[in-house]
Amino acid sequence: MNRGTLLIHNGHEIEPVSGALGVPIIQTSTFNQRDLDCPQEYDYARSGNPTRKALEDIIARLENGAKGYAFGSGIAAISSALGIFSAGDHLIAAEDIYGGSWRILHTFYKRWGLEMTAVDATDPDTIRRAIKPNTKGLFLETPSNPLLKITDLRACLGIAREAGLISMVDNTFMTPYLQQPLDLGADIVVHSATKFLGGHSDVLSGLAVTKTEALGKRVYAVQNGFGAVPGPWDAWLVMRGIKTLKVRMDAQEASARHIAAWLAAHDRVSEVFYPGLAAHPGREIHEAQASGAGAVLSFKTKTAEQARRFLGKVELAATAVSLGGVETIASYPVKMSHASIPQAERERLGITDTLIRISVGLEDPEDLIADFDRALS
Ligand SMILES: *Cc1c(COP(=O)(O)O)cnc(C)c1O
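In this report, the structure presented in the accompanying data block is examined. (Residues numbered from 1 in each chain as written. Predicted model: local features only at pLDDT ≥ 70, side-chain atom pairs only at ≥ 80, totals over all residues. Heavy atoms only, no water.)

Brief notes about helix α10 (residues 245-264)
What sets the pattern is the α-helix's 3.6 residues per turn: residues three or four places apart point alike. Note the following rule: Starting at the N terminus, helices and strands are each numbered in turn, a helix being any DSSP run of H or I of at least four residues and a strand any DSSP run of E of at least two. A helix is expected to span 1.5 Å for every residue after the first. Burial classes: relative accessible area under 20% of the type maximum marks a residue as buried, over 50% as exposed, and values in between as partly exposed (1.4 Å probe, protein chains only).
In this model α10 runs 27 Å from its N-terminal to its C-terminal C-alpha over 20 residues, within 8% of the 28 Å that 1.5 Å per residue would give. Listed in full, the buried residues belonging to α10 are Leu245, Arg248, Met249, Gln252, Glu253, Ser255, Ala256, Ile259, Ala260 and Leu263.

Focus: the pattern of salt bridges
Quick reminder of the rule: Whenever a carboxyl oxygen of Asp or Glu lies within 4 Å of a side-chain nitrogen of Lys or Arg, that contact is scored as a salt bridge.
Under the criterion given, the structure shown has 15 salt bridges. A salt bridge links aspartate 89 to lysine 136, with the shortest nitrogen-to-oxygen separation between them at 3.3 Å. Of this pair, aspartate 89 sits in the loop between α3 (74-82) and β2 (90-94) while lysine 136 sits in strand β4 (residues 135-141); the two residues are 47 residues apart in sequence, bridging distant segments of the chain. Its relative accessible area of 36% is what places lysine 136 among the partly exposed residues. Note that aspartate 250 and lysine 246 form a salt bridge whose closest N and O atoms lie 3.7 Å from each other.

Quick look at the packing of helix α2 (residues 50-62) against helix α9 (residues 232-243)
Between two packed helices, both the angle of their axes relative to each other and the distance between the axes serve to describe the pair. Inclusion rule: Whenever a helix is involved, its axis is fitted only over the stretch in contact; in every case the axis is a line through C-alpha atoms, and angles between N-to-C directions fall within 0 to 180 degrees. By convention the crossing between two helices is left-handed if the near helix lies anticlockwise of the far one by an angle smaller than a right angle, and right-handed if it lies clockwise. Contacts were defined at the residue level, with two residues in contact if any of their heavy atoms lie within 4.5 Å. Each residue gets one of three labels, nonpolar for Ala, Val, Leu, Ile, Met, Phe, Trp, Tyr, Cys and Pro, charged for Asp, Glu, Lys and Arg, and polar for the others, Gly among them.
The interhelical angle for the contact between α2 and α9, taken along N-to-C directions, is 35 degrees, at an axis separation of 8 Å. Relative to α9, the crossing made by α2 is left-handed. In this structure, α2 contributes Thr51, Arg52, Ala54, Leu55, Ile58 and Leu62 to the contact, and α9 contributes Pro232, Ala235, Trp236, Val238, Met239 and Ile242. Considering only residue class, the contact of α2 with α9 consists of 10 nonpolar, 1 polar and 1 charged.

Looking at the layout of surface pockets
What counts, and what does not: Cavity and pocket criteria rest on a 1 Å grid covering protein atoms alone: a 1.4 Å probe that fits but cannot get out defines a cavity, protein on both sides within 12 Å along at least 5 of 7 lines defines an open pocket, and an atom within 4 Å of a point defines a lining residue. Grid points are joined across faces, edges and corners, and a volume is the space filled by probe spheres set on the points. Here the bounds of each domain stem from an automatic or database domain assignment.
Quantified by volume, the largest pocket comes out at close to 380 Å³. Together, 20 residues line the largest pocket, and Lys53, Glu56, Lys67, Tyr69 and Tyr220 are the ones closest to its centre. The set of elements that each furnish at least two residues to the lining of the largest pocket consists of α2, β1 (67-71) and α8 (213-226). Looking at the lining of the largest pocket residue by residue, the class counts come to 5 nonpolar, 6 polar and 9 charged. Roughly 330 Å³ of internal volume is contained in the second largest pocket. As for the second largest pocket, its lining consists of 19 residues, of which Tyr98, Ser192, Thr194, Lys195 and Ser322 are closest to the centre. Mapping the lining of the second largest pocket onto the domain boundaries places at least three of its residues in each of domain 1 (3-243) and domain 2 (245-376).

Section: empty space enclosed by the protein
All chains considered together, the criterion is met by 1 cavity of 30 Å³ or more. Estimates place the volume of the largest cavity at around 60 Å³. Lining the largest cavity are Ala94, Glu95, Asp96, Asp120, Ala121, Thr122, Glu141, Ser144, Lys149 and Thr151. Among the residues forming the lining of the largest cavity, the class breakdown is 2 nonpolar, 3 polar and 5 charged.

Section: the sheet that holds strand β12 (residues 355-359)
What holds strands together in a sheet is hydrogen bonding between their backbones, with the strands either parallel or antiparallel. Threshold: Only when DSSP finds a minimum of two bridges between them are two strands counted as paired.
Taken together, 5 strands build an open sheet; the order of strands is β8-β9-β12-β11-β10 and the sheet is mixed. Strands at the two margins of the open sheet, each flanked by one partner only, are β8 (269-273) and β10 (318-319). Taken together, the 2 bridges between β10 and strand β11 (residues 329-331) define a ladder with parallel strand orientation. Counted as the bridge partner of alanine 318 is isoleucine 329 from β11. Contacts between helix α12 (residues 304-313) and the sheet are confined to β9 (296-301), β10, β11 and β12, with β12 contributing the most and set at about 30 degrees to the helix.

All quantities given are derived from atomic positions and should not be read as evidence of function.
What follows is the structure, encoded as C-alpha cells:
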C-alpha cells in the first residue's frame, strides 16, 4: 500500500466487535482482572489502554517500526525516549534542534549525569569527530527548527551504526507521510503529534517508535515508569488527524512552495529558508531522503522592527507558537520556541530577531500572500 492508503487502512479502520468505523474511546483508569493467575493485556491505564494502543500500533506501522508508544506531549515522548540512557553516557545532538529538546538535554539530563556534545550535523564529520569511548547516542532533527537546515540522515545514521550508537530522529516536521527515518537507519523516531499528525491545533501529544522489539521494551519501561501518557481522548484526536494527513500535507506544502517563492522575491525580505526552494542548502540531500518539502518555512526581514511590525499587522496568521495545524501560524522564534536558548548561542545559530517562522495552513494561498504583503509593507 502507498502511504496515503496506509493512513486510512492501518488495521484499526473497523472496530471488530461493533463494526464501527474507527477506534472506540475507552475511558477507564483500570480493568477488571478476571483470572489472578493469568495476566491479561490491560490491567491499569498508565500501563496500557486500548485506545492509546491503537494509536501506538498505527504510528509503528506508518514508521515501519516494531513498537510505537504514545505520550502526553512531544517533549514527554522525547524525554522518555532519552530516559533509556544512563548517567555517564555521552550523547551527540544536532545543535539546531527544537528549543525544548535542547533545554531537556542541557538542563535536566545534564543534572542526571548525561554528557552532551552539540554538533553542526549538516556536516556528518562533526559527528565522527565527537564520538568518545562513552558515546551511546545520537539525536537528530531534519529539516531543523527554525532554519530548515538539512542533515544527511543516511550518512549520519551510518556513522552512528558503525560506532554502535542508538540513534534518534525527531520527525515532527516531515511526519511518516514524507520521511521514514527508521528505513534510513535510525533506531528510534520521535514526534510531536501536536503538530501535523494531530493537525488541528487542538491536542497535545507525542509518539516514539522503535526499530526493534528490544529497544521497544526499554522505551516501554520509561513510558510506564515515568507515566507521561496521553488520555484516550487525546489519542483518539491524533488518530482522527492522521486520517487526513495526506490531503492536509499535500495542500499545505503546495501553498508553502508558492509563498516561499513569493517571499524570496519580496524587497523587504532578505532571506527565505525552505527545502522546496531550488537554492536551499542541502535541498538535494533532502529530496533523496524525503518525498516532500513540508509546510514550514522561515524568512528574515531586513530589520527587527519590520519583523515585529509584520507580526503585529498580519491578520490571516495567528501569532503563536506551534505549527502543523490547518490554520496558518506565524511565530517569532527568539521570543517563543527558542527563547530558552541563550542569546549568544541563538545568534551563532542564525536565529536572529529578524527571523519569522511560518507554518502554512489550509487557507487560500492568494489570500495569505495578500495579507503578508500588507503586513510587510
Ligand atoms: C513542538 C515540537 C516538539 C515538542 O512537542 P510538544 O508536543 O510541544 O511537547 C518537539 N520537536 C519538534 C520538532 C517540535 O516542533
